[in-house]
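A closer look at the structure
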Amino acid sequence: MEISIVLYVAIVLFIGLAFGQLATVFKMPNVTGYLIGGLVAGPSLLNGLTPDVLEQFDVVSEVALAFIAFTIGLSFKRSYFKRVGFQPVVIAALEATLAVVIVTGGLVLIGVELSFAIVLGAIAAATAPAATIMVIKEFKAKGPVTETLLSVVALDDAFALILFGFASTIANMLIEVDGEVSLFLSILTPFIDIFYAAIVGATLGFIMKYPLKYFRTSSNRLIVLMVFVFLASGLSTLFGISGLLTTMIMGAILTNVSSAAPAMDNLSDRITPPIFVMFFVIAGAELDLAIVPTVGLIGIVYIVLRVVGKISGVYIGAKLTKAPETVSKYLGATLIPQAGVAIGLVSVAESIVPTHADEIRVVVLSATLVYELAGPLITKLALTKAGEISK
(Lines give C-alpha, C1' and ligand atoms only; values in the text may rest on other atoms or scores of the structure.)
Protein backbone atom coordinates (compact mmCIF):
# COMPACT_ATOMS: atom_id res chain seq x y z
CA MET A 1 0.00 0.00 0.00
CA GLU A 2 1.46 3.32 -1.10
CA ILE A 3 1.58 6.06 1.52
CA SER A 4 0.51 9.54 0.35
CA ILE A 5 3.10 12.31 0.45
CA VAL A 6 0.53 14.36 2.39
CA LEU A 7 0.76 11.84 5.24
CA TYR A 8 4.54 12.21 5.20
CA VAL A 9 4.12 15.99 5.39
CA ALA A 10 2.08 15.50 8.58
CA ILE A 11 4.72 13.13 9.97
CA VAL A 12 7.59 15.51 9.18
CA LEU A 13 5.76 18.46 10.78
CA PHE A 14 4.99 16.39 13.89
CA ILE A 15 8.65 15.30 14.17
CA GLY A 16 9.70 18.94 13.95
CA LEU A 17 7.14 20.02 16.54
CA ALA A 18 8.13 17.28 19.00
CA PHE A 19 11.91 17.61 18.68
CA GLY A 20 11.71 21.41 18.57
CA GLN A 21 9.91 21.34 21.92
CA LEU A 22 12.44 18.84 23.26
CA ALA A 23 15.27 21.16 22.21
CA THR A 24 13.60 23.98 24.15
CA VAL A 25 13.61 21.83 27.30
CA PHE A 26 17.40 21.48 26.97
CA LYS A 27 17.74 25.23 26.19
CA MET A 28 18.83 24.59 22.60
CA PRO A 29 17.53 26.42 19.51
CA ASN A 30 14.46 24.83 17.91
CA VAL A 31 16.36 24.40 14.65
CA THR A 32 18.81 22.04 16.36
CA GLY A 33 15.84 19.96 17.49
CA TYR A 34 14.44 19.86 13.94
CA LEU A 35 17.79 18.65 12.58
CA ILE A 36 18.16 15.98 15.27
CA GLY A 37 14.57 14.85 14.74
CA GLY A 38 15.24 14.43 11.03
CA LEU A 39 18.51 12.61 11.72
CA VAL A 40 16.71 10.14 14.02
CA ALA A 41 13.86 9.55 11.56
CA GLY A 42 16.08 9.43 8.48
CA PRO A 43 18.11 6.66 6.78
CA SER A 44 21.01 6.99 9.25
CA LEU A 45 18.95 5.64 12.18
CA LEU A 46 15.26 4.60 12.04
CA ASN A 47 14.87 4.95 8.25
CA GLY A 48 11.26 6.09 8.61
CA LEU A 49 12.00 8.82 6.09
CA THR A 50 13.58 6.79 3.29
CA PRO A 51 15.66 8.32 0.45
CA ASP A 52 12.66 7.89 -1.90
CA VAL A 53 10.45 9.88 0.46
CA LEU A 54 13.08 12.59 0.94
CA GLU A 55 13.30 13.12 -2.83
CA GLN A 56 9.63 14.12 -2.85
CA PHE A 57 10.41 17.02 -0.51
CA ASP A 58 12.92 18.69 -2.88
CA VAL A 59 10.54 21.58 -3.56
CA VAL A 60 10.41 22.38 0.19
CA SER A 61 14.13 23.18 0.24
CA GLU A 62 13.82 25.46 -2.78
CA VAL A 63 10.85 27.34 -1.30
CA ALA A 64 12.42 27.66 2.18
CA LEU A 65 15.72 29.03 0.85
CA ALA A 66 13.86 31.46 -1.43
CA PHE A 67 11.90 32.94 1.50
CA ILE A 68 15.03 33.10 3.66
CA ALA A 69 16.93 34.98 0.93
CA PHE A 70 13.99 37.35 0.36
CA THR A 71 13.79 38.13 4.09
CA ILE A 72 17.53 38.87 4.21
CA GLY A 73 17.15 41.19 1.22
CA LEU A 74 14.42 43.15 2.99
CA SER A 75 16.97 44.10 5.69
CA PHE A 76 19.17 45.87 3.10
CA LYS A 77 17.68 49.32 3.58
CA ARG A 78 19.48 52.29 2.11
CA SER A 79 19.45 54.00 5.52
CA TYR A 80 21.31 51.05 7.05
CA PHE A 81 24.15 51.20 4.53
CA LYS A 82 24.34 54.99 4.89
CA ARG A 83 24.88 54.43 8.60
CA VAL A 84 27.40 51.56 8.47
CA GLY A 85 29.03 52.17 5.07
CA PHE A 86 31.13 49.32 3.66
CA GLN A 87 31.59 47.62 7.03
CA PRO A 88 29.56 44.45 6.21
CA VAL A 89 31.23 44.18 2.78
CA VAL A 90 34.74 44.34 4.26
CA ILE A 91 33.90 41.83 7.00
CA ALA A 92 32.23 39.42 4.56
CA ALA A 93 35.15 39.65 2.11
CA LEU A 94 37.75 38.99 4.80
CA GLU A 95 35.93 36.16 6.59
CA ALA A 96 35.31 34.34 3.30
CA THR A 97 38.83 34.90 1.98
CA LEU A 98 40.64 33.95 5.19
CA ALA A 99 38.56 30.77 5.49
CA VAL A 100 39.77 29.78 2.02
CA VAL A 101 43.41 30.76 2.63
CA ILE A 102 43.72 29.13 6.06
CA VAL A 103 42.00 25.88 5.05
CA THR A 104 44.05 25.64 1.85
CA GLY A 105 47.28 26.37 3.76
CA GLY A 106 46.48 23.77 6.41
CA LEU A 107 45.73 21.10 3.81
CA VAL A 108 49.00 21.81 1.99
CA LEU A 109 50.94 21.58 5.26
CA ILE A 110 49.64 18.04 5.90
CA GLY A 111 50.77 16.99 2.42
CA VAL A 112 47.59 17.30 0.36
CA GLU A 113 48.06 17.81 -3.40
CA LEU A 114 47.97 21.54 -4.15
CA SER A 115 45.15 21.50 -6.76
CA PHE A 116 42.98 19.39 -4.41
CA ALA A 117 43.77 21.68 -1.45
CA ILE A 118 42.83 24.81 -3.43
CA VAL A 119 39.48 23.44 -4.63
CA LEU A 120 38.48 22.01 -1.23
CA GLY A 121 39.69 25.17 0.52
CA ALA A 122 37.53 27.33 -1.77
CA ILE A 123 34.37 25.55 -0.60
CA ALA A 124 35.18 26.72 2.95
CA ALA A 125 34.06 30.26 2.06
CA ALA A 126 30.37 29.32 1.85
CA THR A 127 28.09 29.92 4.85
CA ALA A 128 24.49 28.68 5.12
CA PRO A 129 22.10 31.46 6.20
CA ALA A 130 19.06 29.28 6.96
CA ALA A 131 19.94 27.99 10.44
CA THR A 132 21.36 31.35 11.50
CA ILE A 133 18.25 33.26 10.43
CA MET A 134 16.04 30.76 12.27
CA VAL A 135 17.96 31.36 15.53
CA ILE A 136 17.63 35.13 15.10
CA LYS A 137 13.88 34.86 14.49
CA GLU A 138 13.24 32.36 17.29
CA PHE A 139 15.00 34.40 19.98
CA LYS A 140 14.13 37.83 18.48
CA ALA A 141 17.81 38.82 18.58
CA LYS A 142 18.51 42.53 18.13
CA GLY A 143 21.69 44.59 18.18
CA PRO A 144 24.84 45.39 16.19
CA VAL A 145 26.00 41.76 15.93
CA THR A 146 22.61 40.58 14.62
CA GLU A 147 22.35 43.54 12.24
CA THR A 148 25.84 42.94 10.83
CA LEU A 149 25.26 39.19 10.69
CA LEU A 150 22.21 39.57 8.44
CA SER A 151 24.24 41.60 5.97
CA VAL A 152 27.34 39.38 6.10
CA VAL A 153 25.51 36.08 5.50
CA ALA A 154 23.73 37.70 2.56
CA LEU A 155 26.99 38.90 0.98
CA ASP A 156 28.79 35.66 1.80
CA ASP A 157 27.09 33.77 -1.03
CA ALA A 158 28.44 36.21 -3.62
CA PHE A 159 31.98 36.12 -2.24
CA ALA A 160 31.90 32.31 -2.04
CA LEU A 161 31.02 32.07 -5.74
CA ILE A 162 33.73 34.56 -6.75
CA LEU A 163 36.44 32.87 -4.65
CA PHE A 164 35.48 29.44 -5.95
CA GLY A 165 35.73 30.80 -9.51
CA PHE A 166 39.30 31.98 -8.91
CA ALA A 167 40.23 28.76 -7.09
CA SER A 168 38.93 26.56 -9.89
CA THR A 169 40.93 28.64 -12.38
CA ILE A 170 44.16 28.17 -10.42
CA ALA A 171 43.46 24.45 -9.94
CA ASN A 172 42.85 24.04 -13.68
CA MET A 173 46.15 25.78 -14.42
CA LEU A 174 47.99 23.47 -12.04
CA ILE A 175 46.62 20.32 -13.62
CA GLU A 176 46.75 21.79 -17.15
CA VAL A 177 43.31 20.93 -18.49
CA ASP A 178 40.82 22.50 -20.84
CA GLY A 179 43.07 25.26 -22.22
CA GLU A 180 43.01 29.04 -21.96
CA VAL A 181 39.37 29.61 -22.99
CA SER A 182 38.13 27.37 -20.19
CA LEU A 183 40.38 29.14 -17.68
CA PHE A 184 39.09 32.53 -18.78
CA LEU A 185 35.49 31.36 -18.54
CA SER A 186 36.02 29.86 -15.09
CA ILE A 187 37.18 33.29 -13.87
CA LEU A 188 34.32 35.05 -15.60
CA THR A 189 31.52 32.62 -14.72
CA PRO A 190 30.89 33.70 -11.08
CA PHE A 191 30.81 37.37 -12.10
CA ILE A 192 28.37 36.59 -14.91
CA ASP A 193 26.23 34.60 -12.46
CA ILE A 194 26.11 37.52 -10.00
CA PHE A 195 25.41 40.02 -12.81
CA TYR A 196 22.44 38.05 -14.16
CA ALA A 197 21.13 37.42 -10.64
CA ALA A 198 21.29 41.18 -10.01
CA ILE A 199 19.45 41.98 -13.25
CA VAL A 200 16.66 39.43 -12.69
CA GLY A 201 16.31 40.22 -8.97
CA ALA A 202 16.31 43.99 -9.43
CA THR A 203 13.76 43.80 -12.26
CA LEU A 204 11.40 41.66 -10.18
CA GLY A 205 11.87 43.92 -7.15
CA PHE A 206 10.87 47.01 -9.13
CA ILE A 207 7.91 45.27 -10.77
CA MET A 208 6.67 43.85 -7.45
CA LYS A 209 5.90 47.29 -6.02
CA TYR A 210 3.10 47.90 -8.57
CA PRO A 211 0.73 45.03 -7.65
CA LEU A 212 1.37 45.89 -3.99
CA LYS A 213 0.00 49.39 -4.67
CA TYR A 214 -3.12 47.93 -6.24
CA PHE A 215 -3.75 45.01 -3.86
CA ARG A 216 -4.17 46.22 -0.28
CA THR A 217 -5.70 43.29 1.62
CA SER A 218 -3.44 40.80 3.42
CA SER A 219 -4.82 37.85 1.47
CA ASN A 220 -4.09 39.45 -1.91
CA ARG A 221 -0.67 40.65 -0.82
CA LEU A 222 0.15 37.15 0.40
CA ILE A 223 -0.58 35.86 -3.11
CA VAL A 224 1.61 38.58 -4.62
CA LEU A 225 4.42 37.66 -2.20
CA MET A 226 4.27 33.99 -3.13
CA VAL A 227 4.05 34.72 -6.87
CA PHE A 228 7.21 36.84 -6.85
CA VAL A 229 9.27 34.68 -4.47
CA PHE A 230 8.43 31.59 -6.54
CA LEU A 231 9.02 33.52 -9.75
CA ALA A 232 12.48 34.64 -8.63
CA SER A 233 13.44 31.12 -7.55
CA GLY A 234 11.97 29.49 -10.66
CA LEU A 235 13.60 31.92 -13.11
CA SER A 236 16.95 31.40 -11.36
CA THR A 237 16.69 27.66 -11.95
CA LEU A 238 15.62 28.25 -15.54
CA PHE A 239 18.57 30.56 -16.29
CA GLY A 240 21.07 28.56 -14.22
CA ILE A 241 21.91 31.42 -11.82
CA SER A 242 22.00 31.66 -8.03
CA GLY A 243 18.48 31.53 -6.59
CA LEU A 244 19.68 32.88 -3.25
CA LEU A 245 21.25 35.96 -4.84
CA THR A 246 18.31 36.63 -7.17
CA THR A 247 15.67 36.44 -4.44
CA MET A 248 17.82 38.39 -1.99
CA ILE A 249 18.37 41.22 -4.51
CA MET A 250 14.63 41.29 -5.24
CA GLY A 251 13.95 41.83 -1.53
CA ALA A 252 16.71 44.48 -1.29
CA ILE A 253 15.23 46.49 -4.18
CA LEU A 254 11.67 46.16 -2.88
CA THR A 255 12.54 47.40 0.61
CA ASN A 256 14.01 50.58 -0.91
CA VAL A 257 11.25 51.36 -3.47
CA SER A 258 8.04 50.30 -1.71
CA SER A 259 6.44 51.28 1.58
CA ALA A 260 4.73 47.85 1.58
CA ALA A 261 8.02 46.02 2.26
CA PRO A 262 7.46 45.75 6.06
CA ALA A 263 4.05 44.19 5.39
CA MET A 264 5.75 41.61 3.14
CA ASP A 265 8.18 40.79 5.95
CA ASN A 266 5.27 40.25 8.38
CA LEU A 267 3.36 38.08 5.91
CA SER A 268 6.48 35.99 5.28
CA ASP A 269 6.92 35.44 9.04
CA ARG A 270 3.31 34.26 9.30
CA ILE A 271 3.38 31.63 6.53
CA THR A 272 6.94 30.26 6.65
CA PRO A 273 7.19 28.46 10.05
CA PRO A 274 5.81 25.10 8.77
CA ILE A 275 7.96 25.39 5.63
CA PHE A 276 11.08 25.95 7.71
CA VAL A 277 10.22 23.08 10.05
CA MET A 278 9.93 20.70 7.09
CA PHE A 279 13.11 22.12 5.53
CA PHE A 280 15.26 21.44 8.61
CA VAL A 281 13.74 18.06 9.44
CA ILE A 282 14.44 16.95 5.86
CA ALA A 283 17.93 18.46 6.04
CA GLY A 284 18.56 16.46 9.21
CA ALA A 285 17.25 13.27 7.60
CA GLU A 286 19.67 13.74 4.70
CA LEU A 287 22.69 13.88 7.04
CA ASP A 288 24.60 10.60 6.81
CA LEU A 289 26.25 9.41 10.04
CA ALA A 290 27.98 6.55 8.21
CA ILE A 291 30.44 8.89 6.46
CA VAL A 292 31.80 10.44 9.67
CA PRO A 293 34.33 7.63 10.49
CA THR A 294 35.79 7.94 6.96
CA VAL A 295 36.55 11.67 7.18
CA GLY A 296 40.20 11.29 8.31
CA LEU A 297 42.81 13.98 8.93
CA ILE A 298 41.79 16.02 5.86
CA GLY A 299 38.24 16.34 7.18
CA ILE A 300 39.38 17.33 10.66
CA VAL A 301 41.71 20.01 9.24
CA TYR A 302 38.91 21.35 7.04
CA ILE A 303 36.32 21.44 9.85
CA VAL A 304 38.63 23.12 12.39
CA LEU A 305 40.50 25.56 10.15
CA ARG A 306 37.35 26.81 8.42
CA VAL A 307 36.09 27.99 11.81
CA VAL A 308 39.50 29.58 12.55
CA GLY A 309 39.39 31.39 9.20
CA LYS A 310 35.85 32.69 9.70
CA ILE A 311 36.54 34.00 13.22
CA SER A 312 39.90 35.53 12.23
CA GLY A 313 38.44 37.22 9.16
CA VAL A 314 35.58 38.73 11.14
CA TYR A 315 37.94 39.96 13.87
CA ILE A 316 40.30 41.66 11.40
CA GLY A 317 37.46 43.09 9.32
CA ALA A 318 35.66 44.43 12.38
CA LYS A 319 38.83 46.07 13.69
CA LEU A 320 39.64 47.64 10.32
CA THR A 321 36.14 49.12 10.01
CA LYS A 322 35.96 50.13 13.68
CA ALA A 323 32.90 47.98 14.33
CA PRO A 324 31.55 47.64 17.90
CA GLU A 325 33.60 45.36 20.18
CA THR A 326 30.79 42.80 20.35
CA VAL A 327 30.91 42.40 16.56
CA SER A 328 34.64 41.58 16.53
CA LYS A 329 34.27 39.17 19.45
CA TYR A 330 31.09 37.27 18.63
CA LEU A 331 30.14 37.61 14.95
CA GLY A 332 32.65 35.00 13.73
CA ALA A 333 31.08 32.24 15.83
CA THR A 334 27.70 32.82 14.17
CA LEU A 335 29.05 32.02 10.68
CA ILE A 336 29.75 28.32 11.30
CA PRO A 337 26.72 26.67 9.59
CA GLN A 338 27.42 25.38 6.08
CA ALA A 339 25.07 23.50 3.76
CA GLY A 340 23.36 24.39 0.47
CA VAL A 341 25.94 26.42 -1.48
CA ALA A 342 28.83 24.26 -0.25
CA ILE A 343 27.08 21.04 -1.30
CA GLY A 344 26.23 22.63 -4.64
CA LEU A 345 29.92 23.42 -5.24
CA VAL A 346 30.92 19.82 -4.52
CA SER A 347 29.81 18.57 -7.93
CA VAL A 348 31.82 21.31 -9.66
CA ALA A 349 34.86 20.55 -7.50
CA GLU A 350 34.61 16.85 -8.34
CA SER A 351 34.82 17.65 -12.07
CA ILE A 352 37.95 19.77 -11.53
CA VAL A 353 39.88 17.17 -9.51
CA PRO A 354 38.07 13.89 -10.36
CA THR A 355 40.78 11.77 -8.72
CA HIS A 356 39.76 13.27 -5.36
CA ALA A 357 35.99 13.33 -5.97
CA ASP A 358 35.13 10.84 -3.21
CA GLU A 359 37.29 12.64 -0.65
CA ILE A 360 35.73 16.02 -1.45
CA ARG A 361 32.19 14.67 -1.05
CA VAL A 362 32.96 12.88 2.23
CA VAL A 363 34.75 15.88 3.76
CA VAL A 364 32.08 18.45 2.83
CA LEU A 365 29.13 16.25 3.84
CA SER A 366 30.81 15.35 7.16
CA ALA A 367 31.50 19.03 7.79
CA THR A 368 27.87 19.83 7.00
CA LEU A 369 26.76 17.31 9.62
CA VAL A 370 29.01 18.88 12.28
CA TYR A 371 28.31 22.50 11.36
CA GLU A 372 24.54 22.15 11.01
CA LEU A 373 24.16 20.40 14.38
CA ALA A 374 26.62 22.59 16.32
CA GLY A 375 26.16 25.87 14.43
CA PRO A 376 22.71 26.96 15.70
CA LEU A 377 23.66 26.26 19.33
CA ILE A 378 26.92 28.21 18.99
CA THR A 379 25.05 31.06 17.26
CA LYS A 380 22.61 31.24 20.15
CA LEU A 381 25.46 31.28 22.72
CA ALA A 382 27.35 33.97 20.79
CA LEU A 383 24.30 36.24 20.47
CA THR A 384 23.46 35.70 24.14
CA LYS A 385 27.01 36.66 25.20
CA ALA A 386 26.78 39.70 22.94
CA GLY A 387 23.69 40.73 24.91
CA GLU A 388 21.35 40.50 21.94
CA ILE A 389 19.18 37.62 23.19
CA SER A 390 17.19 38.24 26.36
CA LYS A 391 17.49 35.51 28.96
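Residue positions are counted from 1 within each chain, in the order its sequence is given. At least 70 in pLDDT is required for a residue's local features to be given in this predicted model, at least 80 for side-chain atom pairs to be given and counted, and no such filter applies to totals for whole chains, interfaces and linings, which use all residues. In computing side-chain values, all of the structure's heavy atoms are included and hydrogens and water are not.

1. Regarding the layout of surface pockets
The criterion, for reference: Points on a 1 Å grid over protein atoms alone make up a cavity when a 1.4 Å probe fits among them but cannot get out, and a pocket when they form an open set with protein on both sides within 12 Å along at least five of seven lines; lining residues each have an atom within 4 Å of a point. Grid points are joined across faces, edges and corners, and a volume is the space filled by probe spheres set on the points. Here a helix means four or more residues in a row that DSSP labels H or I, a strand means two or more in a row labelled E, and each is numbered from the N terminus.
If you add up the space inside the second largest pocket, you get close to 680 Å³. Lining the second largest pocket are 23 residues, and of these S75, I136, A141, L150 and D265 sit closest to its centre. Listed by contribution, the elements that provide at least two residues to the lining of the second largest pocket are α4 (58-74), α5 (78-84), α8 (129-139), α9 (144-175) and α13 (261-271).

2. Considerations on the packing of helix α1 (residues 5-25) against helix α2 (residues 30-41)
Put simply, the test is: Angles run from 0 to 180 degrees between N-to-C directions of axes, and those axes are lines fitted to C-alpha atoms, restricted for helices to the stretch in contact. By the definition adopted for this analysis, an angle is roughly parallel if under 35 degrees, roughly antiparallel if over 145, roughly perpendicular if from 65 to 115, and oblique otherwise. The crossing is said to be left-handed when, going from far helix to near helix, the turn is anticlockwise and less than a right angle, and right-handed when the turn is clockwise. Contact criterion: two residues are considered in contact whenever any of their non-hydrogen atoms come within 4.5 Å of each other. Classification convention: Asp, Glu, Lys, Arg as charged; Ala, Val, Leu, Ile, Met, Phe, Trp, Tyr, Cys, Pro as nonpolar; all other residues, Gly among them, as polar.
Where α1 contacts α2, the axes come no closer than 7 Å and their chain directions differ by 125°. Put simply, α1 runs oblique to α2. Seen along the crossing, α1 lies across α2 with a hand that is right-handed. For the pair α1 and α2, the contacting residues are I15, G16, F19, G20, A23 and T24 in the first and N30, G33, Y34, I36, G37, G38, V40 and A41 in the second. Residues that form the contact of α1 with α2 fall into these classes: seven nonpolar, seven polar and no charged.

3. Considerations on a nonpolar patch on the surface
Counted only if it meets this: Patch membership needs two things, relative accessible area over 30% and no salt bridge, and members are linked within 9 Å if like-charged or within 5 Å if nonpolar (Val, Leu, Ile, Met, Phe, Trp, Tyr). Computed with a 1.4 Å probe, the accessible areas rest on the Shrake-Rupley method; for each residue, only the protein chains presented here act as cover. Salt bridges are defined by distance alone: a side-chain nitrogen of Lys or Arg within 4 Å of a carboxyl oxygen of Asp or Glu. Classification of residues uses two cut-offs on accessible area relative to the type maximum, computed with a 1.4 Å probe and protein chains only: under 20% is buried, over 50% is exposed, and between them is partly exposed.
A cluster of nonpolar side chains, contributed by L109, I110, L297, I300, V304 and V308, occupies part of the molecular surface with about 570 Å² of accessible area. For the nonpolar patch, the element with the highest residue contribution is helix α15 (residues 296-320), accounting for four residues. By the secondary structure assignment, L297 is in helix α15. With a relative accessible area of 53%, L297 lands in the exposed category.

4. Brief notes about the confidence of the model for the protein
The condition is simple: Per-residue confidence from the predictor is given as pLDDT, running between 0 and 100.
Of all residues in the protein, 93% attain a pLDDT of 70 or more, and the chain-wide mean is 83. Mean pLDDT across the elements of the protein bottoms out in helix α17 (residues 340-352) (68) and peaks in helix α11 (residues 218-239) (92). Across residues 177-181 the pLDDT falls below 50, and counting only partners more than four positions away or on other chains, this stretch makes one contact in the model.

5. Re the pattern of salt bridges
Evaluated as defined, the whole model comprises four salt bridges. Notably, a salt bridge pairs K310 with E95, separated by 2.7 Å at the nearest N-O pair. Linking K310 in helix α15 with E95 in helix α6 (residues 87-109), this pair joins segments that are 215 residues apart in sequence. The pair formed by K310 and E95 is uniform in burial state, with each residue classed as buried. Here D156 and K310 are joined by a salt bridge, their closest N and O atoms 3.2 Å apart. Highlighted residues: D156 in helix α9 and K310 in helix α15, separated in sequence by 154 residues. The two residues D156 and K310 agree in class, both being buried. A network of salt bridges, in which partner residues are shared, links E95, D156 and K310.

6. A short note on the environment of K27
You can see K27 is positioned in the loop between α1 and α2. Separated by 61 residues in sequence, K27 and P88 place their C-alpha atoms 30 Å apart. Contact partners of K27, with chain neighbours within four places excluded, come to L377 and K380.

7. Concerning a negative patch on the surface
The condition that has to hold: Charge assignment in this entry is limited to Lys and Arg as positive and Asp and Glu as negative, and neither His nor the chain termini are counted. Every charge is mapped to an atom, namely NZ of Lys, CZ of Arg, CG of Asp or CD of Glu.
A grouping of D52, E55, D58, E62 and E286 is seen on the molecular surface, where their side chains present a negatively charged patch. Among the secondary structure elements, those contributing two or more residues to the negative patch are α3 (51-55) and α4. Note that D52 resides in helix α3. Of the residues examined, D52 reaches a relative accessible area of 58% and is grouped as exposed.

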